[in-house]
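The chain contents come next:
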Amino acid sequence: MGRLFLINLEGNFYSCKHCQTHFALDDDIISKAFHCRHGKAYLFDKVVNVTIGEKEERMMITGLHTVVDIFCVVCGSIVGWKYESAHEKTQKYKEGKFILERFKVLGPDGSLYLASQDAHVAGSDADDV
C-alpha cells in the first residue's frame with residue numbers, strides 16, 4: 001500500500017470517533033434532519049478522507065436510492081453513505097451528497113452522540129429495515 005495523504009480541516013469539523021480523522025466541516029452541512037438506524041444523520045455537501053464501497057440499491061423512507069457506503073480511510077470504520085442516484089424526482093437534490101451518521105463521528109466540539117439522545121422524526125431518511 002502506498003503512502004496515505006490525509007486532508008486536515010481547519011475550523012469546526014466532524015471526525016472519526018475511533019481515530020479522529022477529519023471528515024467534514026460544520027459549514028458544509030446541508031441538513032441535520034436525517035435519520036439512520038442509530039439516530040441522527042447529517043447530509044453534507046463535501047466529505048474528505050473516506051473510501052467508498054460497492055454501489056447498491058437501498059430502500060429508504062423517501063424511496064429507492066443507489067448508494068455507496070463510506071468508510072474512514074485510516075481505520076476502515078463505516079461512517080455513512082453517499083447518494084449516487086435517487087429514483088424519485090423530489091429526492092434528486094441528494095445525488096452526490098454524503099450522509100455522516102452522528103453516532104459514528106465526533107462533533108465539532110469532540111462530543112460523542114448517543115442514540116438515546118434523539119427521538120425519531122417522521123419523514124426523515126433511513127434504511128427501511
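None of these values were measured; they are calculated from a predicted model. (Residues numbered from 1 in each chain as written. Predicted model: local features only at pLDDT ≥ 70, side-chain atom pairs only at ≥ 80, totals over all residues. Heavy atoms only, no water.)

## Focus on the sheet that holds strand β6 (residues 63-72)
The condition that has to hold: The pairing criterion for strands is at least two bridges between them, as found by DSSP. Only DSSP runs of H or I covering at least 4 residues are called helices, and only runs of E covering at least 2 are called strands; the numbering of each starts at the N terminus. Under this scheme, a helix contributes an axis fitted over its contacting stretch, all axes are lines through C-alpha atoms, and angles between N-to-C directions fall in the 0 to 180 degree range.
Spatially, six strands are ordered β3-β4-β8-β7-β6-β5 in an open sheet, and the strand pairing comes out antiparallel. Here the strands that pair on one side only, and so sit at the sheet edges, are β3 (29-36) and β5 (50-60). Shown here is a sheet whose adjacent strand axes are inclined to one another by a mean of 30 degrees, direction ignored. Summarising the sheet, β5 and β6 pair through nine bridges and their orientation is antiparallel. Note that in β6 the partner of T51 across the bridge is F71.

## A few points about the confidence of the model for the chain
If pLDDT is low for a region, its predicted coordinates should not be looked at in detail. What counts is decided by this rule: Values of pLDDT, the confidence the predictor places in each residue, fall between 0 and 100. In this analysis, two residues are considered to be in contact whenever any of their non-hydrogen atoms come within 4.5 Å of each other.
Chain-level pLDDT for the chain is 88 on average; 87% of the residues reach the 70-or-more range. Taking the mean pLDDT of every element in the chain, the minimum, 92, falls on β3 and the maximum, 98, on strand β2 (residues 22-25). Low confidence marks residues 117-124, where pLDDT is under 50. Its contacts with residues over four positions away, or in another chain, come to 14 contacts.

## Considerations on a nonpolar patch on the surface
Rule in force here: A patch is a set of surface residues, each over 30% in relative accessible area and not in a salt bridge, joined within 9 Å for like charges and within 5 Å for the nonpolar side chains Val, Leu, Ile, Met, Phe, Trp and Tyr. Only the protein chains shown count as covering a residue, and every accessible area follows the Shrake-Rupley method with a 1.4 Å probe. Take a side-chain nitrogen of Lys or Arg and a carboxyl oxygen of Asp or Glu: if they are within 4 Å of each other, that pair is a salt bridge. Here the term buried applies to any residue with accessible area under 20% of the maximum for its type, exposed to any over 50%, and partly exposed to those in between, with areas from a 1.4 Å probe on protein chains only.
On the surface, L4, L6 and V74 cluster together into a nonpolar patch covering about 230 Å² of accessible area. Mapped onto the secondary structure, L4 falls in the segment before β1 (13-16). Relative accessible area serves as the criterion here: at 37%, L4 is assigned to the partly exposed category.

## Brief notes about the packing of aromatic side chains
To keep things clear, this is the line we draw: When two rings of Phe, Tyr or Trp (its six-membered ring) have centres within 6.5 Å they constitute a pair, described as stacked for plane angles under 30 degrees, edge-to-face for angles over 60, and tilted for the intermediate range. Our definition puts a charge over a ring when NZ of Lys or CZ of Arg is within 6 Å of the ring centre and also within 35 degrees of the ring normal.
For the coordinates displayed, the defined rule picks out three aromatic pairs. Each ring, one from Y14 and one from Y42, has its centre 5.8 Å from the other, and the planes form 85 degrees; the classification is edge-to-face. With Y14 in strand β1 and Y42 in strand β4 (residues 39-44), this pair connects stretches of sequence that are 28 residues apart. One exposure class covers both Y14 and Y42, and it is buried. Aromatic pair Y14 and F44: ring centres 5.5 Å apart, planes at 75 degrees, arrangement edge-to-face. Separated by 30 residues along the polypeptide, Y14 in strand β1 and F44 in strand β4 bring together distant segments of the chain. Taken as a pair, Y14 and F44 share a single burial class, namely buried. The structure contains a cluster of three or more aromatic residues connected by ring pairs, namely Y14, Y42 and F44. A cation over an aromatic ring shows up here: K17 above the ring of F103, its NZ or CZ 4.1 Å from the ring centre. Lying over the aromatic face of W81, R58 brings its terminal NZ or CZ to 5.9 Å of the ring centre.

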